[in-house]
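Spelled out from the first residue to the last, the chains are:
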Amino acid sequence: MDFVDRKAEIAELHRVLSPNAPARFVVVYGRRRLGKSTLIKKVLNKEDVYYMAGDFIDQVQRDMLRNQLAEKFPAISRATYSSWEDLFQMLNSLITEKFTLCLDEFPYMVKHSPELPSVVQRLVDSGAMKFNLIICGSSQRMMQNMILSQSEPLYGRADAIIDVRPIPIEYLSQALHLDAVSTVEEYSVWGGVPRYWELREEYSDFKEAIKSILVSSTGILYDEPKRLFLDDMTATVQSESLMSVVASGANKLSEIASRMGREATALSAPIDRLIQMNYLRREIPFGESPKKSKKSIYRINDPMMDFYYTFIVPNISEIGRGRRSIVMEDIESGFNSYVGRHWEHLCREAVSGNTIAGFRWREASRWWGSVKTEGIVRNMEFDIIAESIDGKALLVGECKWTNTEYASELMNTLTKKASVLPFAQDKKIIPLLFLKNKPKNVETTEHRILYPEDIIRMAYGEE
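Given the structure is predicted, the values throughout are model-derived calculations rather than measurements.

Q: I'd like a rundown of the sheet that holds strand β3 (residues 100-104), residues and numbers included.
A: The strand order across the open sheet formed by five strands is β2-β3-β4-β1-β5, and the pairing between neighbours is parallel. Whereas interior strands pair on both sides, the edge strands pair on one side only; in this sheet they are β2 (49-52) and β5 (160-163). Taken pair by pair, the neighbouring strands of this sheet meet at an average axis angle of 15°, ignoring direction. Where β3 and strand β4 (residues 132-137) come together, four bridges link them in parallel fashion. When the bridges of β4 are listed, cysteine 102 appears paired with isoleucine 134.

Q: Explain the packing of helix α13 (residues 237-247) against helix α14 (residues 253-260) to me, and be specific about the residues and the numbers.
A: The geometry of a pair of packed helices is captured by two quantities: the angle between their axes and the separation between those axes. Contact geometry for α13 and α14: axes closest at 10 Å, N-to-C directions at 120°. Put simply, α13 runs oblique to α14. Between α13 and α14 the crossing geometry is right-handed. Residue-level contacts link Gln238, Ser241, Leu242, Val245 and Val246 of α13 to Ile256, Arg259 and Met260 of α14. Of the residues in the contact of α13 with α14, the class split is five nonpolar, two polar and one charged.

Q: Quick one: what's the story with the sheet that holds strand β12 (residues 393-400), residue by residue and with numbers?
A: Strand order in this open sheet of five strands is β10-β11-β12-β13-β14, and the pairing throughout is mixed. A single partner strand is all that each edge strand has here, and the edge strands are β10 (365-373) and β14 (449-450). Sheet topology places β12 next to strand β13 (residues 428-435); eight bridges connect them, and they run parallel. What sits directly across from leucine 395, in β13, is isoleucine 430.

Q: Please set out the environment of valine 27 residue by residue, giving values where relevant.
A: For valine 27, the location among the structural elements is in strand β1 (residues 25-29). Separated by 132 residues in sequence, valine 27 and aspartate 159 have C-alpha atoms that sit 8.1 Å apart. Excluding anything up to four places from it in sequence, valine 27 contacts Ile135, Met143, Ile147, Ala158, Ala160, Ile161 and Ile162.

Q: Explain a nonpolar patch on the surface to me, and be specific about the residues and the numbers.
A: On the surface, a cluster of nonpolar side chains totalling about 320 Å² of accessible area is made up of Phe56, Ile57, Val60 and Met64. Checked against the element boundaries, isoleucine 57 lands in the loop between β2 and α3 (58-70). Overall, the relative accessible area of 52% leaves isoleucine 57 in the exposed class.

Q: So, the side chain of glutamate 185: which residues are in play, and what are the values?
A: Its place among the elements puts glutamate 185 in helix α9 (residues 180-190). With a relative accessible area of 16%, glutamate 185 lands in the buried category. When near neighbours in sequence (up to four residues on either side) are disregarded, glutamate 185 contacts Phe206, Phe335, Asn336, Val339, Trp401 and Lys436.

Q: Now, about the pattern of salt bridges: what can you tell me, with residues and values included?
A: Under the counting rule described, the total for this entry stands at 32 salt bridges. Residue aspartate 55 pairs with lysine 111 through a salt bridge whose shortest N-O separation is 3.0 Å. Taken together, the residues span a long stretch of sequence, with aspartate 55 in the loop between β2 and α3 and lysine 111 in helix α5 (residues 106-112) at a distance of 56 residues. Residues joined in a network through salt bridges with shared partners are Arg281, Glu283, Arg299, Glu344, Arg348, Arg366 and Glu381.

The rules behind the values
Residues numbered from 1 in each chain as written. Predicted model: local features only at pLDDT ≥ 70, side-chain atom pairs only at ≥ 80, totals over all residues. Heavy atoms only, no water. Pairing = 2+ DSSP bridges. Helix = DSSP H or I, 4+ residues; strand = E, 2+ residues; numbered from the N terminus. Axes fitted to C-alpha atoms, helices over the stretch in contact; angles between N-to-C directions. Parallel < 35°, antiparallel > 145°, perpendicular 65-115°, else oblique. Left-handed = near helix turned anticlockwise from the far one by under 90°. Contact = heavy atoms within 4.5 Å. Nonpolar A, V, L, I, M, F, W, Y, C, P; charged D, E, K, R; others polar. Patch = residues over 30% accessible without salt bridge, like charges linked within 9 Å, V, L, I, M, F, W, Y side chains within 5 Å. Areas by Shrake-Rupley, 256 points an atom, 1.4 Å probe, with all protein chains shown as cover. Salt bridge = Lys/Arg side-chain N within 4 Å of Asp/Glu carboxyl O. Buried < 20%, exposed > 50% of the residue type's maximum accessible area, 1.4 Å probe, protein only.

Here it is in structure tokens:
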């Protein structure tokens, strides 16, 4: 598969590592499988040194790095270094022309040498460093703590910090040559993780890829969530339990706590940690304060993890017995509903910040609550609500991931519901439908409808 996206990250690395610039200290981090190492190698040249750390004790790690550096600086191999300070000082003394040293999986090095961040701090602060230094890591928690916590030695030292995120949906369409509907469906499973795309590319059929990669005890992604969690924590049981409970439909904190047999207050920290790592997200109704709202619900944010905990975990026993066909039937029966959740989220992301119907919209949200009409209190939900930047209009949207819909009926119901919203008064209502396919009554051209191809384009920032 061709290398896609990452143009902004590559441009930033080229800028900060410019040959005419002084020696720089750069931090690159993000969860495993996002292509951080490949990204860095794209900007390194033959004069630079790339070192992949392992889970080794400090002396073995130093010896391995020394041997790697010896290919460029033979004199560095004449000694064994009992400290990182000694090794870096020797390296610095041998340099006659600036180059870049990348220490990939830096958290492994720190695990066995907790003094290493302080050594790097002194090296950077000395002003005598003759080489660019890149540190990279998949442990999001450790990397964020090292560079973003004011109490840590490396806080404020980096010349550039690159947080590598999942790739936008449009690039999946390009990478795997998919139509728009297939792109949404496959993104709902693989997300924006390039390594998953590479694995998927090895199969000609989407279902066969799922069956081989995930619905198999020997599948390469069968234990993927546990591996990801181990990058950031020593015990994974609580995180895996939380994800399983959320995937099963417990979305409120009280429901999650009840299912897990824990006090809600005991779950705040682990939930916040999963949100920080982008595995969970918190949703609140449109118009509510993030700090004050008591109506929070939680969803799995990462598509592959959502698929795993929705379909794989409940079927672990069947997979263990080799009954993969039964599991695939379960997946197929619930797949449209599953994709529908991700379709809604993609639509909200696409609306946010974009211009539609002549208005530019603020961040889009869901809304749920009670509305009193004609003396009767009714519970209502909206898939998408967004306010225009000028505050004069309100976008209300309905998302459907089904094969057949009637646009007129959907639009009439949506418009009627929106008219009684208390916060919609004195605003122009812009109703939108977000549909998988063109509806039966396509002649009703007065309806504004957006389809997968529109959302994919808008998600990349094009209007």
